[in-house]
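Working through the structure, step by step
So you can see what is in the structure, the chains are spelled out below.
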Amino acid sequence: MEFDHTAHPNPTSAARLEQILANPGFGTSFADHTAVIDWTAERGWANPRVEPYGPIALDPAASVLHYAQEIFEGMKAYRHDDGGIYTFRPLENARRLNRSAQRMALPELPEELFVASLEELVQTDRDWVPNGDGEALYLRPFMFASEAFLGVRAAREVSYRVIASPAGNYFGGELKPVRIWVTRDYIRAAPGGTGAAKTGGNYAGSLAAQQQATAQGCDQVLFLDPTRENAVEELGGMNVFLVTADNRLITPELTGTILEGITRASVIQLAKDRGMAVEERRVTLDEWGAGIADGSITEAFACGTAAVITPIGELVDGDRSIASAGTGEVTTSIREELLGIQTGTVEDRHGWMHQLA
Ligand SMILES: *Cc1c(COP(=O)(O)O)cnc(C)c1O
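Quick caveat: nothing in here was measured; it's all calculated off a predicted structure. (Residues numbered from 1 in each chain as written. Predicted model: local features only at pLDDT ≥ 70, side-chain atom pairs only at ≥ 80, totals over all residues. Heavy atoms only, no water.)

**A look at the overall build of the chain**
The helix and strand tally for the chain stands at 8 helices and 17 strands. Its C-alpha atoms give the chain principal-axis dimensions of roughly 65 × 50 × 35 Å. Carbon and sulfur atoms provide 49% of the accessible area of the chain, an area that totals close to 15,400 Å². Averaged over its 30 positive side-chain charges, the chain has a centre that lies 3 Å from the centre of its 49 negative ones. (Helix = DSSP H or I, 4+ residues; strand = E, 2+ residues; numbered from the N terminus. Areas by Shrake-Rupley, 256 points an atom, 1.4 Å probe, with all protein chains shown as cover. Lys, Arg positive; Asp, Glu negative; His and termini not counted. Charge placed at Lys NZ, Arg CZ, Asp CG, Glu CD.)

Pasting the structure below:
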């Protein structure tokens, strides 16, 4: 299936684009185009194209607006010194999109169409890729039920799209440790639920907890599993790692309630490459607190595409505070290696980078 290459003008002036790229922020401005592929139960995927970016005409009865049948992905395109534009492990995103699709009863998108949609959009909007330190064009593929129908069943009409947004440093400024609020009032996911799917509803359900975190002066929320002795799960949109004094890495195992981060998998690989032992297992909040207190846990960090790797400075659990050491050496060094691979300054020995344009 070939993308339609009809040319479309760029509504954003060169001067305005320069202004946007000088200070990209996160998720506030959007590239001039969007990649689109339609799906119906009758004909499957059809009509792949690149269109001007703009509002979507949706019937008010579109089932995504009522029953939240929606999934998404998040990835970044980096401008390398060789002039090419590259993204990180896109086949992993394609596969995860399809696992999310299975869980949310949406159609699976062939992997090559997923990758082609990224290539087409980035080739069209290549001027939107910033080239500052740690900056990238954030790519947001998403799929939703567009059928106008109020009955409850999987939609027979679906839209897949990709939009792009220039991105600076996610938490703004330099690498500063974040303060994390431990929620005891809310959980993010449960066995058999949708926690492992990248679906909007998981985020909608995390917002009340995020509001509490913000009210407590924290940056993000940590979710626990109260049915497993307060096992650490993850943040609203990032996976969590602990570093031990004897050079081990500990991260919660994938039990079906945690999102399988591609950054998480890559951090595990890079740690193993350095000879670190990696433990994917249940880790409780008590173990975390006791480890910080007796010095056996020296660092904690969160990871995900948007912020890459962010040190966790402090956990706030009601009246109790668990402080970490700040930005530790292992966190900094893994972050530099991963960012180096992504931005093209460190050898890509696993073949993770894929040229888009
Ligand atoms: C997307 C996401 C992550 C991070 O996944 P990456 O592939 O590393 O970007 C972690 N947790 C949740 C809940 C997510 O939605």
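**A closer look at the pairing of strand S10 (residues 231-235)**
Here S10 lies mainly inside the structure; 5 of its 5 residues are buried. Between strand S9 (residues 220-225) and S10, which pair antiparallel in sequence order, lie 5 residues; one of them, Glu229, sits at a positive phi of approximately 50 degrees. (Buried < 20%, exposed > 50% of the residue type's maximum accessible area, 1.4 Å probe, protein only. Pairing = 2+ DSSP bridges.)

**A word on the domain arrangement of the chain**
Split into domains, the chain comes out as domain 1 (4-167) and domain 2 (178-343). Taking only C-alpha atoms into account, the centre of domain 1 sits 27 Å from that of domain 2. On the side of domain 2, 22 residues touch domain 1, which itself brings 22 residues to the contact. Taken together, the two surfaces of domain 1 and domain 2 that pack against each other cover about 1,800 Å², and 59% of this comes from carbon and sulfur. If you sort the residues of domain 1 by the area they bury against domain 2, Phe72, Phe88 and Arg96 come out on top, with a joint share of 32%. Applying the counting rule to domain 1 against domain 2 returns 1 salt bridge. Two residues, Arg99 and Glu260, come together in a salt bridge whose shortest N-O distance is 3.5 Å. (Domains from an automatic or database assignment. Contact = heavy atoms within 4.5 Å. Buried area = accessible area lost by both parts, 1.4 Å probe. Salt bridge = Lys/Arg side-chain N within 4 Å of Asp/Glu carboxyl O.)

**Concerning the environment of Gly289**
Here Gly289 shows up in helix H7 (residues 285-294). On the basis of relative accessible area, Gly289 is assigned to the buried category, the value being 14%. The spacing of Gly289 and Leu254 is 35 residues in sequence and 22 Å in space, taken between C-alpha atoms.

**Here's the deal with the packing of aromatic side chains**
Evaluation of the coordinates by the stated rule reveals 9 aromatic pairs. With 5.4 Å between their ring centres and 5 degrees between their planes, Phe30 and Tyr53 make a pair best called stacked. In this pair, Phe30 sits in the loop between helix H1 (14-22) and strand S1 (33-40) while Tyr53 sits in the loop between strand S2 (44-52) and helix H2 (63-67), placing the two residues 23 residues apart along the sequence. Measuring from centroid to centroid gives 5.4 Å for Phe88 and Trp352, while their planes differ by 80 degrees, and the two rings are edge-to-face. Of this pair, Phe88 sits in strand S5 (residues 85-88) while Trp352 is found in the loop between helix H8 (329-343) and strand S17 (353-355), placing the two residues 264 residues apart along the sequence. (Phe/Tyr/Trp six-rings, centres within 6.5 Å; stacked < 30°, edge-to-face > 60°.)

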